[in-house]
Amino acid sequence: MTEWFESIKWDGEALVLLDQTRLPHEECWVRCATVDEVAGAISEMKVRGAPAIGLAAAAGMALAAKEAVRSGRELEAALEQACATLARTRPTAVNLFWALDRARETARSAPSAEEAVVRLSRLVDVLLEEQRESDRAIGDYGAALLPDGARVLTHCNTGALATGAYGTALGVVRRAHELGKLALVYVDESRPRLQGARLTAWELLRAGVPFRLVVDAAAASLIARGLVDAVIVGADRIAANGDVANKIGTLGLAVAARHFGVPFYVAAPLSTFDPGTPDGASIRIEERNAEEVLLVGQERVAPEGTVVLNPAFDVTPAELVTAIITDVGVVASPVKEHIDALLGELARREGGRLGAVQGAGILPR
Ligand SMILES: CSC[C@H]1O[C@H](OP(=O)(O)O)[C@H](O)[C@@H]1O
């Protein structure tokens, strides 16, 4: 995977973010020097995308530790408060909580508060490098699944903006393009926050990848007309049984893909898997504010008095998923039966924290 642009920078003193609410018309960087500023950036979606949210949260913990040592506050209490603040930002992407766990373990491993500051700062760099390696692996595994001349449909934004590295589903798209296997990408606009129209279009233009922007409502008919060889999306949380939480609108794509016999792929790193959540019904779906639906840009489109329901994610049952493309291999169909091997790998990586699980069906590196 060729080098890509940076969307998240960590200099040990602050988290510097490419403000995704200003793209594509303005490339503005925001500097977050406190945990509250990081939490605000996550809540306001200045940084968004499951892995990117995790990276930001880890930086927030490092900043909280630094402030505790500077002010002489007891470290444990300061980190617990920071953890609670960050955990309240967005509830669905498990990467946020995975990163907070990594940060707390890192702090606990330090012999002193001063050393905890050093280790937490180093953890942000480690997570950034892990994400680059993970995205590269996902790109390679995913591109290998696509036919030559592939026409792919994707939803929301799952690129470098969403991971801080090269992207998950959009990383597969870019890798396939680099390998000369990609003919065209259909990009769902992804109402209401328009991550596809604003962010994926911006990334693909930069990468020189051919694409067509479509309204969300067009996706099923493109699949029905035989214009799509594969649907590939990201994920915010994958439950122990393989059910997938992702941007609202994903479930409809999976149903259409299954009905018309088109592969439906999910691309996600191990940090998006949540062995602690048994199934999709147990995943908390973030409800966002009404203005996101009432307004298009700054213009109000619905009449006064309109009541809104604005779930930010939906859940796709495992049986509709053709395969999950991860950084350690592809979890083949039926995903529900084969996910155990992946959870075993996750347990190994997490130092056995989750208990080893035997299984089959994962394609080795
Ligand atoms: C690579 S994770 C991207 C994932 O996150 C998006 O949600 P949001 O834009 O609300 O953070 C969407 O679900 C993407 O699939």
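Computed from a predicted model, the values in this text were never measured in an experiment.

J.: Any details on the sheet that holds strand 4 (residues 150-154)? Residues and values, ideally.
T.: Reading across from one edge, 6-5-4-7-10-15-16 is the order of the seven strands in this open sheet, with mixed pairing throughout. Both edges of this open sheet fall to strand 6 (211-214) and strand 16 (329-331), since each of them pairs with a single strand only. Strand-to-strand twist across the sheet, computed as the mean angle between neighbouring axes with direction ignored, equals 25°. The strands touched by helix 8 (residues 195-207) are strand 5 (182-188) and strand 6; relative to strand 5, the strand with the most contacts, the crossing angle is about 160°.

J.: Talk me through the site of the ligand; I want residue IDs and the actual numbers.
T.: Near the ligand, the surroundings consist of 18 residues, among which Arg 48, Arg 90, Asp 236, Asn 246 and Lys 247 are the closest. Side-chain polar atom of Gln 195 to an oxygen atom of the ligand: 2.9 Å apart, as the coordinates give it. Here an oxygen atom of the ligand and a side-chain polar atom of Asp 236 are 2.4 Å apart. Considering the ligand on its own, with 410 Å² of exposed area, one finds that the protein chains cover 99% of that surface. Residues belonging to the shell around the ligand are distributed by class as follows: seven nonpolar, seven polar and four charged. Residues lining the shell around the ligand come from more than one domain, with at least three contributed by each of domain 1 (8-132) and domain 2 (139-364).

J.: Got a sec to walk through the packing of aromatic side chains? Specific residues and values, please.
T.: Evaluation of the coordinates by the stated rule reveals zero aromatic pairs. Lying across the ring of Trp 29, Lys 9 places its NZ or CZ 4.3 Å from the centre. Against the face of Phe 313 rests Lys 247, its NZ or CZ located 4.1 Å from the ring centre.

J.: Go over the nonpolar core with me, naming the residues and quoting the values.
T.: Soluble globular proteins: nonpolar side chains tend toward being buried together. With 47 residues, the main nonpolar core has Leu 15, Leu 17, Val 38, Val 47, Met 61, Leu 79 and Leu 86 as its most contacted residues. Looking at this core, the elements with two or more residues in it are strand 1 (8-10), strand 2 (15-18), strand 3 (29-32), helix 1 (35-43), helix 2 (50-71), helix 3 (75-87), helix 4 (94-108) and helix 5 (113-145). Per element, the largest residue contribution to this core is 14 residues, and it comes from helix 2. With near-sequence residues (within four places) excluded, Val 38 lies in contact with Leu 15, Cys 32, Ala 56, Gly 60, Leu 63 and Leu 86.

J.: With reference to specific residues and values, describe the UniProt feature "site: Transition state stabilizer" (unreviewed entry) in the protein chain.
T.: The feature "site: Transition state stabilizer" (unreviewed entry), as annotated in UniProt, sits at Cys 156 in this numbering. According to the relative accessible area criterion, Cys 156 is buried, its value standing at 7%. When sequence neighbours within four positions are dropped, the list of residues in contact with Cys 156 reads Arg 48, Asp 188, Ser 190, Gln 195, Gly 196, Thr 200 and Lys 247.

J.: Give me the domain arrangement of the protein chain: which residues, what numbers.
T.: Partitioning the protein chain into domains gives domain 1 (8-132) and domain 2 (139-364). A separation of 24 Å is found between the C-alpha centroids of domain 1 and domain 2. For the pair domain 1 and domain 2, the two sides together bury roughly 2,600 Å², of which 51% comes from carbon and sulfur. Of all residues in domain 1, Arg 48, Pro 91 and Thr 92 bury the most surface against domain 2, accounting for 23% of the area lost on that side. Connecting domain 1 to domain 2 are two salt bridges. Put simply, Glu 286 and Arg 90 hold a salt bridge, and the shortest N to O gap is 3.0 Å. If you look at where domain 1 meets domain 2, you find 14 residue pairs in polar contact (both at pLDDT 80 or more). Mapped by element, the contributors of at least two residues to the side of domain 1 that touches domain 2 are helix 2, helix 4 and helix 5. Broken down by class, the residue content of the side of domain 1 that touches domain 2 amounts to 15 nonpolar, seven polar and seven charged.

J.: Explain the UniProt feature "binding site: substrate" (unreviewed entry) in the protein chain to me, using residue names and the numbers behind them.
T.: UniProt tags Arg 48, Gly 49, Ala 50, Arg 90, Gln 195, Asn 246 and Lys 247 as "binding site: substrate" (unreviewed entry). Here Gly 49 shows up in the loop between helix 1 and helix 2. Relative to the helices and strands, Ala 50 is located in helix 2.

J.: A description of the sheet that holds strand 14 (residues 313-316) should follow, citing residues and the corresponding values.
T.: The strand order 11-8-9-14 describes an open sheet built from four strands, whose pairing is mixed. Each edge of the sheet is formed by a strand with only one pairing partner; in this case those strands are strand 11 (273-274) and strand 14. As paired strands, strand 9 (residues 244-247) and strand 14 are joined by four bridges and run antiparallel to one another. Across the sheet, residue Ala 245 finds its bridge partner in strand 14, namely Val 315. Of the strands in this sheet, strand 9 and strand 14 are in contact with helix 10 (residues 250-259), which crosses strand 14 at around 30°.

J.: Describe the pattern of salt bridges, and please don't skip the residues or the numbers.
T.: The final tally for this structure, using the stated rule, is 20 salt bridges. Between Asp 229 and Arg 151 there is a salt bridge, and its shortest N-O distance comes to 2.8 Å. On the criterion of sequence distance, the pair formed by Asp 229 in the loop between helix 9 (219-224) and strand 7 (230-233) and Arg 151 in strand 4 is long-range, its members being 78 residues apart. For Arg 175, the salt bridge is made with Glu 178, and the minimal N-O distance between the two is 2.9 Å. Placement of the pair is Arg 175 and Glu 178 together in helix 7 (residues 169-178), with a separation of three residues, close to one helical turn. Classification of Glu 178 as partly exposed rests on a relative accessible area of 30%. Each of Arg 90, Arg 193, Glu 286, Arg 288 and Glu 292 takes part in one network of salt bridges that share partners.

Cut-offs used in this document
Residues numbered from 1 in each chain as written. Predicted model: local features only at pLDDT ≥ 70, side-chain atom pairs only at ≥ 80, totals over all residues. Heavy atoms only, no water. Pairing = 2+ DSSP bridges. Helix = DSSP H or I, 4+ residues; strand = E, 2+ residues; numbered from the N terminus. Axes fitted to C-alpha atoms, helices over the stretch in contact; angles between N-to-C directions. Contact = heavy atoms within 4.5 Å. Near = heavy atom within 4 Å. Polar contact = N/O pair within 3.5 Å; in protein donor to acceptor, adjacent residues only side chain to side chain. Areas by Shrake-Rupley, 256 points an atom, 1.4 Å probe, with all protein chains shown as cover. Nonpolar A, V, L, I, M, F, W, Y, C, P; charged D, E, K, R; others polar. Domains from an automatic or database assignment. Phe/Tyr/Trp six-rings, centres within 6.5 Å; stacked < 30°, edge-to-face > 60°. Lys NZ or Arg CZ within 6 Å of the ring centre and 35° of its normal. Core = buried A, V, L, I, M, F, W, Y, C linked by side-chain atoms within 4.5 Å. Buried < 20%, exposed > 50% of the residue type's maximum accessible area, 1.4 Å probe, protein only. UniProt positions renumbered as here; feature names shortened; annotations may be inferred. Buried area = accessible area lost by both parts, 1.4 Å probe. Salt bridge = Lys/Arg side-chain N within 4 Å of Asp/Glu carboxyl O.

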